[in-house]
Amino acid sequence: QVQLVESGGGLVQAGGSLRLSCAASGRTFSNYAMAWFRQAPGKEREFVAYIRWSGSTSYADSVKGRFTISRDNAKNTVSLQMNSLKSEDTAVYYCAAGLTVVPATRGSYQYWGQGTQVTVSS
């Protein structure tokens, strides 16, 4: 079992930055692929970014060049640095973990956090 707790959400103006963090506990964190998804009101939960145990990453086209995912296996944390935020980035952001995943496929992740709200005002 893996427990995930997100933090760092909040209200920010368009063009600003936020850094989300996800603290993991339970099984060996370094074995897991980690990802961030987000869900806006009335929309499906969508893939944002992914990082493998080795550090390789992938991003949704909508955030590429603006968001950066990173992990610290010693501290059991994964972070999402979000720059140049836009109003369309407003959503609840979820941290996810899985052993064998297809990066952008929501159903391939076994563990989820409770989410943290990000609101970008224009």
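Preceding this section is the structure that the text describes.
It should be emphasised that the depicted structure is a prediction, and the values quoted were computed from it without experimental measurement. Here, residues in each chain are numbered from 1, in the same order as that chain's written sequence. Reporting in this predicted model follows two pLDDT cut-offs: at least 70 for local features of residues, and 80 or more for side-chain atom pairs to be given and counted; totals over whole chains, interfaces and linings ignore these cut-offs and use all residues. To get the side-chain values, take all heavy atoms of the structure and skip hydrogens and water.

Side note on the side chain of serine 79
Note on placement: serine 79 falls in strand β8 (residues 77-82). In this description, contact between two residues means that some pair of their heavy atoms is separated by no more than 4.5 Å. Those residues in contact with serine 79 that sit more than four places away from it in its chain are Arg19, Leu20, Ser21, Trp36, Thr68, Ile69 and Ser70. Put simply, DSSP marks the helices as runs of H or I at least four residues long and the strands as runs of E at least two long, and each gets a number from the N terminus on.

Some points on the nonpolar core
Here, the term nonpolar core denotes a set of buried Ala, Val, Leu, Ile, Met, Phe, Trp, Tyr and Cys residues that are joined through side-chain atoms within 4.5 Å. Think of it in three bands: with a 1.4 Å probe and only protein chains considered, a residue is buried below 20% of the maximum accessible area for its type, exposed above 50%, and partly exposed in between. Membership of the largest hydrophobic core comes to 38 residues, with the highest contact counts inside it found for Leu4, Met34, Trp36, Val78, Leu80, Met82 and Tyr93. Among the elements of the structure, β1 (2-7), β3 (18-26), β4 (33-39), β5 (46-51), β7 (67-72), β8, β9 (91-98) and β11 (116-121) are those that each provide at least two residues to this core. The contact partners of leucine 80, leaving out residues within four places of it in the chain, are Leu18, Arg19, Leu20, Trp36, Val48, Ala49, Phe67, Thr68, Ile69 and Tyr93.

Comments concerning the packing of aromatic side chains
Ring pairs are drawn from Phe, Tyr and Trp, using the six-membered ring of Trp, whenever the two centres fall within 6.5 Å, and their geometry is named by plane angle: stacked under 30 degrees, edge-to-face over 60, tilted for the rest. This model, assessed by the stated rule, comprises five aromatic pairs. Measuring from ring centre to ring centre gives 6.1 Å for tyrosine 32 and tyrosine 111, while their planes differ by 65°; the resulting arrangement is edge-to-face. One end of the pair, tyrosine 32, is in the loop between β3 and β4; the other, tyrosine 111, is in strand β10 (residues 111-112), and 79 residues separate them in sequence. Each member of the pair tyrosine 32 and tyrosine 111 is classed as buried. Chaining the aromatic ring pairs together yields one cluster made of Phe37, Phe47, Tyr109 and Trp112. The aromatic ring of phenylalanine 29 is capped on one face by arginine 71, whose charged end is 4.6 Å from the ring centroid. Geometrically, a lysine NZ or arginine CZ counts as sitting over a ring once it is within 6 Å of the ring centre and also within 35 degrees of the ring normal.

Overview of the pairing of β7
Looking along a regular strand, one sees side chains alternate from face to face of the sheet. Only one face of β7 is covered, namely the face carrying Phe67, Ile69 and Arg71; the face carrying Thr68, Ser70 and Asp72 is uncovered. Of the pairings in the sheet, the one linking β7 to β8 comprises six bridges and is antiparallel in character. Note that in β8 the partner of arginine 71 across the bridge is valine 78. Paired strands, in this sense, are two strands between which DSSP finds at least two bridges. Between the antiparallel neighbours β7 and β8 lie four residues, among them asparagine 76 with a positive phi of about 55°.

Some words on the pattern of salt bridges
The working definition used for a salt bridge is a side-chain nitrogen of Lys or Arg within 4 Å of a carboxyl oxygen of Asp or Glu. Per the counting criterion, the structure on display carries five salt bridges. Of the charged contacts, one joins aspartate 61 and lysine 64 as a salt bridge, the two residues approaching to 3.1 Å between their closest N and O atoms. Between arginine 66 and aspartate 89 there is a salt bridge; the shortest N-O distance is 2.8 Å. Linking arginine 66 in the loop between β6 (57-59) and β7 with aspartate 89 in the loop between β8 and β9, this pair joins segments that are 23 residues apart in sequence. Judged by its relative accessible area of 11%, arginine 66 falls in the buried class. Since its relative accessible area comes to 0%, aspartate 89 is described here as buried. Linked through salt bridges whose partners overlap, the residues forming this network are Arg38, Glu46, Arg66 and Asp89.

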